[in-house]
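Inside the fold
In case you want the letters, here they are:
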Amino acid sequence: MKQCLVVDDSSVIRKVARRILEDLNFEITEAEDGQQALDVCRQTMPDAILLDWNMPVMDGLEFLTSLRGEAGGEKPVVVFCTTENDVAHIARAIRAGANEYIMKPFDREIVEAKFQEVGLI
Amino acid sequence: MTPTEFEFLKKFLKTRSGLVLSNDKQYLVESRLLPVARTAKLETLSALVQSLQRGGNRSMEENVVEAMTTNESFFFRDKTPFEHFKDTMLPHLLESRARTRAIKVWCAACSTGQEPYSLSIVLKEEAARVAGWRIRILGTDLSNEVLDKAKAGIYSQFEVQRGLPIQLLLKYFEQKGDVWQINPGLRAMVEWRKLNLLESFSHLGEFDIVFCRNVLIYFDQPTKTEILDRLAKSLPEDGYLVLGAAETVVGLTEAFKPVPGKRGLFQKKQVANTTTRPVPARMVAGAGLTR
């Protein structure tokens, strides 16, 4: 079973994402901000990370940049999932090493399509 | 809506569009036709049916057909057909049409345009291979409404997130407020025409590839056979027909044979050159974005 880390400061979004991803056969861990996510990754690198942008303590972009610098940090497939939906933000995320990008609001179909896109399912 | 009224609608739609409506589709009729009734300032579906029965309201008749036949579409739907296009059909045609350096592709029932635009994206991505070639993509549909949308090439945030890799969105679309518009260069690669597949399409001439996906499922068996046989006349011996993932020609016509190992792909005559070329790591629809 593939592991997916869901990083979002909203518990509602984490719950929705968990439900969708569990249906797609992922084992879910959660983190409320980038720092927590980094701690989780240092324990075990997940296969996939669904990543919010705006979060307290450490935001998604900062997390991603740190992650890609970690040992084994190139392994997880990172899918941003954020309300930041302009070209400049998307381009920055891709440059920082994001594999895909979901613009909120999202639904089951979009998550499924994007995860297929990057070969996770 | 009374059973008699539903029967009338079934016959009306069958005659006008070939759409075969089963008896369990009453809810679909109601949800799709109530807005049409309201547009026509009619209170109920019964009033709409009565108006259709009286006849003479051409635009409302067209609206009814459009509302019942419009289908959801997404970019790179089912992925495989676009891989076949890039890795099987294009290599073969680039070789066999080297003299004319021209290829014609027809997307029959193109709906809101995602399929022809997905093909134009593949061609842009393969620009080096097709440099100097005249590749024409024609998109047809029986609905004016979807054709207008296809022509404009404007899609909602939801639509551009189904099937379109983010890299291709950034590369080929321009963000305009809440929506995304496909670049003028790609729009210029596709021509659009209104066409009902029940009517003759011989005037469109011959094509090298016809995409006719998830359309035949709405027709009854004799209509399917009749359309497939006419499609065969629009294709040369080595042309390609692409059907939907769940569709086949088996039991419907002898005019086409499945291309072995290529789901959804059909030819009139098996040509020798259908060898599989090694698929490059970067797949058409970005399956290779994984690092």
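Analysis parameters
Residues numbered from 1 in each chain as written. Chains lettered and ligands numbered in written order. Predicted model: local features only at pLDDT ≥ 70, side-chain atom pairs only at ≥ 80, totals over all residues. Heavy atoms only, no water. Domains from an automatic or database assignment. Contact = heavy atoms within 4.5 Å. Buried area = accessible area lost by both parts, 1.4 Å probe. Salt bridge = Lys/Arg side-chain N within 4 Å of Asp/Glu carboxyl O. Polar contact = N/O pair within 3.5 Å; in protein donor to acceptor, adjacent residues only side chain to side chain. Helix = DSSP H or I, 4+ residues; strand = E, 2+ residues; numbered from the N terminus. UniProt positions renumbered as here; feature names shortened; annotations may be inferred.

The subject of this paragraph is the domain arrangement of chain B. One frequent convention defines the size of an interface as the accessible area lost when the parts assemble. Residue and element names in this part refer to chain B. For chain B, the assigned domains read domain 1 (3-69) and domain 2 (80-267). On the domain 2 side, the residues contacting the eleven residues of domain 1 number eleven residues. Both faces combined, the contact of domain 1 with domain 2 buries some 780 Å², and carbon together with sulfur accounts for 49% of it. Looking at the side of domain 1 facing domain 2, the largest losses of area belong to Ser 17, Val 20 and Glu 66, adding up to 47% of the total buried there. For the interface between domain 1 and domain 2, the tally reads two salt bridges. The residue Lys 194 makes a salt bridge to Glu 62 at a minimum N-O spacing of 3.6 Å. At the junction of domain 1 and domain 2, the tally comes to six residue pairs in polar contact (both at pLDDT 80 or more). Those elements that provide at least two residues to the side of domain 1 that touches domain 2 are α1 (3-17) and α4 (58-69).

This part takes up the UniProt feature "domain: Response regulatory" (unreviewed entry) in chain A. Residues annotated in UniProt with the feature "domain: Response regulatory" (unreviewed entry) correspond here to residues 3-119 of chain A. The annotated region residues 3-119 of chain A carries 44% helix and 21% strand content, and the separation between its end C-alpha atoms amounts to 14 Å.

Listed by partner, the interface residues are 21 residues for chain B and 25 residues for chain A. Carbon and sulfur atoms make up 52% of the area that chain B and chain A hide from each other, which totals about 2,000 Å². In this assembly, chain B and chain A are joined by three salt bridges. Ionic pairing is found between B:Lys79 and A:Glu117, a salt bridge with its closest N-O pair at 3.3 Å. Counting every contact that joins chain B to chain A gives ten residue pairs in polar contact (both at pLDDT 80 or more). When contributions to the side of chain B that touches chain A are tallied by element, the ones reaching two or more residues are α9 (157-160) and α10 (166-172) of chain B. In terms of residues, the side of chain B that touches chain A owes the most to one element, α10(B), which gives four residues.

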